[in-house]
Amino acid sequence: MTSIEALYGVFHTGQVRVALPLDELREVIMRPPAFSPLPVTAPGLLGAVNLRHMVIPVLNLCRLAGYEDTSDETGRVIVIVSLGDQMFGLLAEEIEGVTRIPGEALLETTVAGGRPALFSHTFERPEDGEVVSLLDAQAISQLPGVPVVRDTGRRTMDTGLGEINTDSSRRTVLLLRCGPIGLCIDVGHVHSVIPQLTVHPSPLDGSTCRGVVHLHDKAVPAVDPLMLLGLGSVPDDGNLRGLVIALPRGLVVLTVSDIADIASVPVGDVLPLPPLGMRKDGFLTGVLRIESGDQHLVLDGSALRADAELDALGGLGVSLPGKEPVATAPSMAVKATDAADVKAGPDGRRVVPSVRKFLTYSVGMEAATPLGQITEIVPYPQHAIALDGGGPLLAIFTHRRLSVPLLSLPALLGMPVAPDPVTSRVLLVDAPGGELIGFVVPALHAIEDSVWEESTPGDHADPGALLQRGPLVKIGTEAQGRLLPSVDLSELVAAELVA
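Residues numbered from 1 in each chain as written. Predicted model: local features only at pLDDT ≥ 70, side-chain atom pairs only at ≥ 80, totals over all residues. Heavy atoms only, no water.

### Quick look at the side chain of Thr375
1) Next: Note that Thr375 resides in the loop between strand 28 (366-370) and strand 29 (376-379).
2) Next: Relative accessible area serves as the criterion here: at 7%, Thr375 is assigned to the buried category.
3) Next: In terms of polar contacts, Thr375 uses its side chain to reach the side chain of Asp430, at 3.2 Å. (Helix = DSSP H or I, 4+ residues; strand = E, 2+ residues; numbered from the N terminus. Buried < 20%, exposed > 50% of the residue type's maximum accessible area, 1.4 Å probe, protein only. Polar contact = N/O pair within 3.5 Å; in protein donor to acceptor, adjacent residues only side chain to side chain.)

Laid out in structure tokens, this is it:
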């Protein structure tokens, strides 16, 4: 087995965690309200979706594997598999990101008996030790009765997996401001964001380390990113923000002046660094110019996380007096749990431990949405066409050659708050058919990790009831976290499209 590393996109459906090589994962789209029927029957065939005038058959992987599950109800996205000139879709609950696996870590697997093998190898995901099965797309496409469609040509696509795409498409970055200098970093390398930073003196203080930040019951080193890059220092005006990066041995906090927005940008918009005058230490990969005209230096998150000195600094974080250390290696998705981990709550609710990233924001009260549901965050567009219909629809604007409706999220949720276009932000969410829906929120708070999430049975299609009777999520830590309403923007998109 070769030692060459390869990249795999990981997702789960039911209790099955699977992966595909990135060159076979064409894109990820939201599940439509209903599948179109096809004049053929096959185990696991759900129907078809219309993807930019291409009819894509969609399969339930759990049913193909031969056991019943509830993924028909819980599957939220469709993974489009491209194998040569053939395509089909797989229903999935959530995309968990990209992992890099060396060839020797793949364990070849065979299945005895008459049932066809849907996977060829297994591997242990290094981030959390989870067992992942590597799907055999060729074997799935050749199952009796399973329809596939011929691919009419590669297009520019967004896989929804963060910084790495199979096509030369887009990357999602977090825009930062460090005094007069703009920086940005792929969101996949962000552990969390601290909206208001308090830096405490520490024996670690030096040219790069500014002190420590109290985070997750630990004293975490705070690093000046401009000092790290040899570009001066971030001015401390008493209103610093923190960008938390997870390293193999611990956390470090990059001190920044402001955390502006999340932007989805074409990969080609990142230009190479000039040949003269820039340090070649590997922490910068290029220059990005966004639509507003602002320029940002692009941080290489992988290089930061692989740096031995930063990793050693992260390992120096110590528990605060009287506090037990808290695990700091988060997963991008809800972790698999045993039945004993699921706790029963009032009214049939369940509480499930989870560690994934949420965006917190204001809708008249604080609420949270899984970060993975949000494609992009932009300021309220200056040249939007205002609509005065008295409902949630505020305006229409054009973005990425699409007409995007702007919906007031407070109005949808029954809150009497009118977003101010000057200070509000727009959360862009993918809709079926490659469209976008914009949800306007009065203010953003932070990117934070969850501790557990609550699920509630039954129909919660009424958005006005979400803040009062919808599921809750605990944000922060078990000891010091806070309970927030969990707002599923993907479900709101589906509800608006069928309304």
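This is not the end of the story, as more comes after the structure.
### A few points about the pattern of salt bridges
1) Next: Applying the stated criterion across every chain, the model contains seven salt bridges.
2) Next: Residues Arg356 and Glu453 are paired through a salt bridge, measuring 2.8 Å at the closest nitrogen-oxygen approach. Of the two residues, Arg356 is situated in the loop between strand 26 (350-353) and strand 27 (357-362) and Glu453 in strand 35 (residues 443-455); the sequence distance between them amounts to 97 residues.
3) Next: Given the relative accessible area of 7%, Arg356 is considered buried.
4) Next: A network of salt bridges, in which partner residues are shared, links Glu366, Glu448 and Arg482. (Salt bridge = Lys/Arg side-chain N within 4 Å of Asp/Glu carboxyl O.)

### Focus on the side chain of Glu448
1) Next: In this fold, Glu448 is placed in strand 35.
2) Next: Classification of Glu448 as buried rests on a relative accessible area of 14%.
3) Next: Within polar-contact distance, the side chain of Glu448 engages the side chain of Arg482 at 2.6 Å.
4) Next: Sequence-distant contacts of Glu448, that is, excluding residues within four places in its chain, are made with Ser192, Val193, Arg356, Lys357, Phe358, Thr360, Ile475 and Arg482. (Contact = heavy atoms within 4.5 Å.)

### A few points about the nonpolar core
1) Next: One finds Leu174, Leu409 and Phe439 to be the most contacted residues of the largest nonpolar core, which totals 65 residues.
2) Next: Once residues within four sequence positions are removed from consideration, Leu409 is found in contact with Tyr361, Val363, Phe439, Val440, Val441, Leu489 and Leu492.
3) Next: Val28, Val81, Ile95 and Leu135 belong to the second largest nonpolar core, which has 25 residues in total. (Core = buried A, V, L, I, M, F, W, Y, C linked by side-chain atoms within 4.5 Å.)

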